[in-house]
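Examining the three-dimensional arrangement
The chain contents come next:
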Amino acid sequence: MATYAEMQQIFDDIRGDFRYDHDLNGCLNCGICTATCPSAQFYDYSPREIVQLLWTENVEQIYDAMQEKIWACAQCMTCAARCPFKNSPGGLVAIMREVAIKHEMQSAKDVLRPFGRVMLKLITTGNQLSPDMIQPDHFPDWGPNIQKVEGDLQVLRKAIPVKTLQTVETAWEVSLKTSVEMYTIWEMTGVLKSLELMDENLFDVIEDFIDEKREDYEDWLEEQEEEDDE
Amino acid sequence: MSEQTPGNHNQNGEGAGAGTMKPGYHNTDGQGIAGHGSFFQATDLSQEEAVKATDWVRKHVDRRTIDLGDRMDDVREHMYELEKDGQIIIHRITDQHEPATVQTLFGWDKQVPTKQLWHHKSCGQCGNIPGYPTSLLWFMNKFGFEPGKDYLDETDQTSCTAWNYHGSGIGNVESLAAVFLRNFHQAYVSGKQHGHDLGHFYPLVHCGTSFGNYKEIRKFLVESAELREKVTKILGKLGRLVDGKLVIPEEIIHYSEWVHVMRNRIASELQTIDVSNIRTTAHVACHYYKMVHEDAIYDQSVLGGNRTAIITSTAQALGAQVIDYSTWYDCCGFGFRHIISEREFTRSFTMDRKIRVAREEANADVMLANDTGCVTTMDKNQWIGKAHNQNFQIPIMAEVQFAALACGADPFKIVQLQWHASPCEDLVEKMGMSWSEAKKTFQEYLKEVEAGNIEYLYNPELAYGGKV
């Protein structure tokens, strides 16, 4: 349990985000946001409650909501489209999630653990999802026939008449140079640091991968220079 | 006596009178309704004056003609100012892009380029529903577009990373902005290696999540000098500035907007199959029209302009039946994080709020969507419904896939329906094609693929910067 001062700091970080004033303009407690919210139908979650807690600066209950409730939001932004005050409860939840990660909250670690495989794919390849991830053993609830033609995945992907899509480990072929540029973005924007706070083992794996890819890129550049000299 | 249901406007002097009005009744019988309780005063308006005073109630409020005053900013106006100040470069839509003009929610014009397009792919579509991009490229070829000149599909691009951000909270506005600007800078310069000017290819965003994210991030970039300063350093390090400036697109364009503006040409020039017997329902991606909602296309001729025109306009143009259902406004249940790690929410929501309703209310032959997450969610989560005796299914696909089928595209080679889990074969059969024959032909083609005889929609070398 955090001290009041820590909870106050968490709230200060939330309202310190430049989007905060965009996303919170007042609240009539009308509940339109909750009435239209998909997550409110299935979870103990209410966008109206989130807005009210922030609007009334209830730092203790804000902290409490960050333990679980904020992770229920589906981020569809229906609430934002409906709010008469032009609030964005979904946008506020996004800020709160970022702050939960910054403060290394256990709730964030627990919630994100199953997300590791996707995170690894995204950070290292610039693709969120790949054909080899969408297989029956990963998604048994999608049924035995998630594809209508059986066959080797590589061959089936080769049968897509678009060159960039004939991949198995990424959704499309991303050039090495592009991936290396993306690593720079991750580093310079603190994303890798966030990842380290959440999952040190995953961070180590990703760091090794990035080092390897950068070396590959350096080698490729050298090869290009040699070719040009010839 | 007129029928007096709540909301009716009683104009015939038979109102209930002061003090006895019921909620929702608008009393115009001259007895006055000004104020409440002890403040009540009779207005003493004549019948004619009363009707005039309440005219606005009866008037159809058209959001596309309403004067928004200072209540809604058009981000493009601020972009033009920033460009004038020499702070940014706007990737302009020019006559070369042969743009079509459409209207958005508040009646603002939006230019949708129809040619010289840089395909900005979607990780979910490419990984899971490849028939989306293939159908789109197939249409462009059918219209005689020249690959490498009229469109480009290349490897120098990443996902927008917003799926991850919305799902996990890992990432931030800076990283999203840097990714956006890096990808769109590449679109801006991509023509050079093919012998064209800067800005030749205009980005066409395939993904709904990317579309919403890019629109939102563009607003933040235009509004925040601090954010621009931060990302300028990053883009500078990547060599992704032009004359030291950020490149920001004049419009963010979603692929379904291209389909929307091309729908009549698709129907008149390419359609070969009558789909008037097909009952379609539409699910438009939340991040298409609920995020930065002022930028979504609305058209008075489609659903009275009361809902975004996307998808429905295409179904209408093709002559299919457009069937309404009560939960059209609900999201699909994707949830970003939920489809991966809280799938009981995703599948319950999509089955209860979308599939069941489209089946029981609309008796739909197909649900058309325009985004990765929506198609994946609604397509893949039907089988598990059997565990709860939810024995109903509906084919799910993008409107561009449906349009391609209606224009005679191969259900497997082009529309790539083999990757779908929902019963798309039922739709194909109802459209008059033999699923089993098409499948047999495709399985024969797979042998050719194994032998290295692969058919392409464009010269593969183009993807790597090569010439046609």
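What follows covers the pattern of salt bridges. Inspection of the entire model under this criterion finds 42 salt bridges over all chains. Here Glu49(A) makes a salt bridge to Lys69(A), at a shortest N to O gap of 3.0 Å. Here the residue Glu49(A) occupies a position in helix 4 (residues 47–55), and Lys69(A) occupies one in the loop between helix 5 (59–65) and helix 6 (78–82), the gap between them amounting to 20 residues. In this structure, Asp379(B) and Lys380(B) form a salt bridge, with 3.0 Å as the shortest nitrogen-oxygen distance. The exposure classification of Asp379(B) matches that of Lys380(B), with both residues buried. Linked through salt bridges whose partners overlap, the residues forming this network are Lys177(A), Glu181(A), Asp156(B), Arg182(B) and Arg240(B).

It is worth spelling out the packing of aromatic side chains at this point. By the definition in use, this model includes 25 aromatic pairs over all chains. Ring-pair connections join several aromatic residues into one group, and the members of that group are Phe42(A), Tyr43(A), Phe345(B) and Phe349(B). The ring of Tyr329(B) carries the charged tip of Arg82(A) above its face, separated from the ring centre by 5.4 Å. The lysine or arginine in question, Arg307(B), covers the ring of Trp328(B), its NZ or CZ lying 3.9 Å from the ring centre.

Turning to the sheet that holds strand 13 (residues 396–398) of chain B, a few remarks are in order. Within the open sheet, the 4 strands sit side by side as 11-10-12-13 (chain B). Their pairing is parallel. Both outer strands of the open sheet, strand 11 (321–322) and strand 13 of chain B, are each paired with one neighbouring strand and no more.

We now examine the pairing of strand 10 (residues 279–283) of chain B. All names here are of chain B. Most of strand 10 is tucked away: 4 of the 5 residues are buried. Sheet topology places strand 10 next to strand 11; 2 bridges connect them, and they run parallel. Within strand 11, the residue paired with Arg279 across the bridge is Gln321. Bridge analysis of strand 10 against strand 12 (residues 366–369) gives 4 bridges, and the strand direction is parallel. Paired with Ala282 across the strands is Leu368, a residue of strand 12.

Right, let's talk about the interface of chain B and chain A for a bit. Chain B puts 101 residues into the contact, and the matching count from chain A is 80 residues. Together, the buried faces of chain B and chain A total about 7700 Å²; carbon and sulfur atoms form 67% of this surface. Interface area lost by chain B to chain A is led by Ile170(B), Arg337(B) and Trp419(B), which between them contribute 9%. Taken together, the connections running from chain B to chain A amount to 5 salt bridges. Linking Arg182(B) and Glu181(A) is a salt bridge whose minimum nitrogen-to-oxygen distance equals 2.8 Å. Put simply, chain B and chain A have 31 residue pairs in polar contact (both at pLDDT 80 or more) between them.

Turning our attention to the sheet that holds strand 6 (residues 117–120) of chain B. All names here are of chain B. An order of 7-6-8 is seen for the 3 strands of this open sheet, with the pairing classed as parallel. Bordering the open sheet on either side are strand 7 (151–152) and strand 8 (202–205), each of which pairs with just one other strand. When strand 6 meets strand 7, the two strands line up parallel, connected through 2 bridges. Bridging from a neighbouring strand, Leu117 pairs with Tyr151 of strand 7. Packing of helix 5 (residues 131–142) onto the sheet brings it into contact with strand 6, strand 7 and strand 8, and relative to strand 6 it is tilted by some 165°. Where helix 7 (residues 173–189) meets the sheet, its contacts fall on strand 6 and strand 8, and the angle it forms with strand 6 comes to roughly 150°.

Let us look at the nonpolar core. Grouped together as the largest cluster of nonpolar side chains are 207 residues, with contacts concentrated most on Ile14(A), Leu54(A), Met66(A), Phe139(B), Trp258(B), Phe402(B) and Met431(B). For Leu54(A), the residues in contact, after removing those within four places along its chain, are Phe11(A), Ile14(A), Tyr20(A), Leu24(A), Ile62(A), Leu92(A) and Met96(A). By size, the runner-up hydrophobic cluster in this structure holds 6 residues, among which are Ala74(A), Cys76(A), Cys286(B) and Phe349(B).

Calculation rules
- Residue positions within a chain follow its written sequence, with the count starting from 1.
- Note on labels: chains are lettered from A, ligands numbered from 1, in written order.
- Side-chain atom pairs in this predicted model are given and counted only at pLDDT of 80 or more, local residue features only at pLDDT of at least 70, and totals for whole chains, interfaces and linings cover all residues.
- Water and hydrogen atoms play no part in the side-chain values, which are based on all heavy atoms of the structure.
- Only one rule defines a salt bridge in this text: a Lys or Arg side-chain nitrogen within 4 Å of an Asp or Glu carboxyl oxygen.
- Secondary structure elements follow DSSP: runs of H or I of four or more residues count as helices, runs of E of two or more count as strands, with numbering from the N terminus.
- The rule is simple: take the accessible area with a 1.4 Å probe, protein chains only, and divide by the maximum for that residue type; under 20% is buried, over 50% is exposed, in between is partly exposed.
- Here is the rule: rings of Phe, Tyr and Trp (six-membered ring for Trp) pair when centre to centre is within 6.5 Å. Planes less than 30 degrees apart are stacked, more than 60 are edge-to-face, and the remainder are tilted.
- Ring-over charges, as used throughout, are those where CZ of Arg or NZ of Lys falls within 6 Å of the ring centre and within 35 degrees of the ring normal.
- Paired strands are those between which DSSP finds at least two bridges.
- Any two residues whose heavy atoms approach within 4.5 Å are treated as being in contact.
- Reported buried area values correspond to the accessible surface (1.4 Å probe) lost by two parts on association, with both partners' losses combined.
- We call two N or O atoms a polar contact when they sit within 3.5 Å, provided that within protein one can donate a hydrogen and the other can accept it, with sequence-adjacent residues counted only if both atoms are side-chain atoms.
- Angles here are taken between N-to-C directions and fall from 0 to 180 degrees, while the axes themselves are lines fitted to C-alpha atoms, restricted in helices to the stretch in contact.
- Grouping buried Ala, Val, Leu, Ile, Met, Phe, Trp, Tyr and Cys residues that are joined through side-chain atoms within 4.5 Å yields what is termed a nonpolar core.

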